Amino acid sequence: MNFLQQANDLQSFMVDARRYLHQNAEIGFDLPLTLAYIEDKLNEMGVSFQRIGKAGIVATVGQGDKCVLLRADMDALPMMEDSGVPFASTNGNTHSCGHDMHPAMLLGAAKILKKNEDSLNGVVKLLFQPAEEILAGAADCVAAGVLQNPKVDAAFGAHIMTGDPAYKVGTAFYSRGPALYSGDACKIEVIGKAAHGSSSYQGIDAINIAAHIVLALNEIISREIPADEHSVVLVGKINGGLTVNTTPGNCVMEVSVRTTTQEKREFLLKRVQEIAEATAKVFRGEAVFTHVYGMGPLVCDEYVADCAGESMAKVGIDAKVVPTSSGTEDFTAIAAEVPAVMINLGASPEGVELFPHHNPKMVADEAVMPYGAAAYVQCAVDYLNK
Ligand SMILES: [Zn+2]
Ligand SMILES: [Zn+2]
């Protein structure tokens, strides 16, 4: 069974799907045309499926005890497209992150899996996931039970990559262990007491306290984290004071925290809060810490990552292990529950100017899709056979 060859035979089917989804780009959980198209194609293939969560679809192929989940996100971004392709979207939303190709590749994979259903050694769940760009869809599908009935043993996510000539079609990149950093935003409100600038002793200077907090926070990375473990604690914004001649009674600081493991994430957030509160107290003020939003790190399971590496090689993909990168991806919500890996497939077109993801001019090479579909299928089949 050569899955790349089978996927190559489906290229026009996948191109049609991709271009329809591209032209009708929809965002967040509001995906009526996208869902209708995917359901229509699954019906034509005779693949059974159901809705999951607010706007997901989970299809299943095969039978048995083991279960593998394949994930494709399908939401666009709210921006006017400027790519110049003939099938460009004109509705104010743009597929500038490749979430049009992901479901097209997963539909291709569904066709191949259905054709080979009798030889499958278990169940393959195909998850068409909404709302990745707002980091909410994966968690919503998990909460709705996508990893249960049957219980998922391993999950594979795929994403295309463009914007750099190194991301050639036929290459892929994945990580063993930490793949993407956590990202958290916190707010520290320093409360002092305003007073006339000529009588500062009657007030409590909130900007002075904030300055001490900034310096004290630098202690965390330089003294409390091993030198070879990269993390970030960044005061990205400070806003305080009223006028040049008033002792500032209030100062708001915004702090960004990024790191590679959940354990370190919890440690860093705890230390930011402790240092802010204690430093404010030293200078007679008060600090109120608020966690504004955040997402844990994406940690890929080493065994599942190795399986994916072997499977990708079988379908002719030149797959390389790469170190952790500092982006975010809501597949994290799935990888936190079951052993999982995220594979990034090279899709940079040749001979045209390249633009990064989330740029309205972003273009990706459709030649990536057979590799993507074949990788989905081979990863699932091989994992079920182990
Ligand atoms: Zn994106
Ligand atoms: Zn994306």
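Residues numbered from 1 in each chain as written. Chains lettered and ligands numbered in written order. Predicted model: local features only at pLDDT ≥ 70, side-chain atom pairs only at ≥ 80, totals over all residues. Heavy atoms only, no water.

A. Seen up close, the overall build of the protein chain. The helix and strand inventory of the protein chain stands at 10 helices and 16 strands. Oriented by its inertia axes, the alpha-carbon framework of the protein chain measures out at about 80 × 45 × 40 Å. For the protein chain, the proportion of its 386 residues judged to be buried stands at 53%. In the protein chain, the share of contacts with a sequence separation of at least 24, taken over all contacts with a separation of at least 6, comes to 81%. The centroid of the 29 positive side-chain charges in the protein chain is displaced by 3 Å from the centroid of its 46 negative side-chain charges. (Helix = DSSP H or I, 4+ residues; strand = E, 2+ residues; numbered from the N terminus. Buried < 20%, exposed > 50% of the residue type's maximum accessible area, 1.4 Å probe, protein only. Contact = heavy atoms within 4.5 Å. Lys, Arg positive; Asp, Glu negative; His and termini not counted. Charge placed at Lys NZ, Arg CZ, Asp CG, Glu CD.)

B. Highlighting the coordination of the zinc ion (ligand 1). All of the protein donors around the zinc ion (ligand 1) are C97 (SG), E133 (OE), E133 (OE) and H358 (NE2); their distances to the metal are 2.0 to 2.6 Å. In this structure, the zinc ion (ligand 1) is surrounded by four donor atoms whose angles at the metal cover 53 to 148 degrees, and the resulting shape is irregular. Taken in chain order, the donor set of the zinc ion (ligand 1) reads C-x35-E-x224-H. Between the zinc ion (ligand 1) and the zinc ion (ligand 2), a spacing of 3.1 Å is present, and a bridge between the two is formed by C97. One end of the pair, E133, is in the loop between β4 (123-129) and α5 (137-143); the other, H358, is in the loop between β16 (340-346) and α10 (368-385), and 225 residues separate them in sequence. (Donors = N, O, S within 2.8 Å, 3.2 Å for Na, K, Ca; no water. Tetrahedral: all angles 85-135°; square planar, octahedral: opposite > 155°, others 65-115°.)

C. Main features of the sheet that holds strand β13 (residues 286-295). Read across the sheet, four strands follow the order β10-β12-β8-β13 without closing on themselves; strand pairing throughout is antiparallel. At either end of the open sheet lies a strand with only one pairing partner, and these are β10 (232-240) and β13. With strand direction ignored, the average angle separating the axes of adjacent strands in the sheet is 20 degrees. Bridge count for strand β8 (residues 183-191) against β13 is nine bridges, and the pairing is antiparallel. Note that in β13 the partner of V190 across the bridge is A287. Those strands touched by helix α6 (residues 206-224) are β8, β10 and β12 (250-258), and its axis lies near 15 degrees from that of β12. In the packing of helix α7 (residues 262-282) onto the sheet, contacts are made with β8, β10, β12 and β13, and the angle to β13 comes to roughly 160 degrees. (Pairing = 2+ DSSP bridges. Axes fitted to C-alpha atoms, helices over the stretch in contact; angles between N-to-C directions.)

D. The arrangement of the nonpolar core in detail. Of all hydrophobic cores here, the largest spans 91 residues; its most connected members are L42, L70, L126 and F156. Broken down by element, this core gets its largest block of residues, 12 residues, from α10. Not counting the four nearest positions on each side in its chain, L70 is found in contact with L106, L113, V124, K125, L126, L127, F156, Y376 and A380. Listed in part, the 24 residues of the second largest apolar core include I188, V190, V255 and A280. (Core = buried A, V, L, I, M, F, W, Y, C linked by side-chain atoms within 4.5 Å.)

E. Expanded view of the coordination of the zinc ion (ligand 2). Protein-derived ligands of the zinc ion (ligand 2) are C97 (SG), H99 (NE2) and H159 (NE2), with the metal-ligand distances lying across 2.1 to 2.4 Å. Each donor residue of the zinc ion (ligand 2) belongs to the same chain, with the gaps between them written as C-x1-H-x59-H.

F. View of the pattern of salt bridges. This structure, assessed with the given rule, holds 21 salt bridges. Through salt bridges with shared partners, a single ionic network connects R18, R19, D100 and E366. (Salt bridge = Lys/Arg side-chain N within 4 Å of Asp/Glu carboxyl O.)

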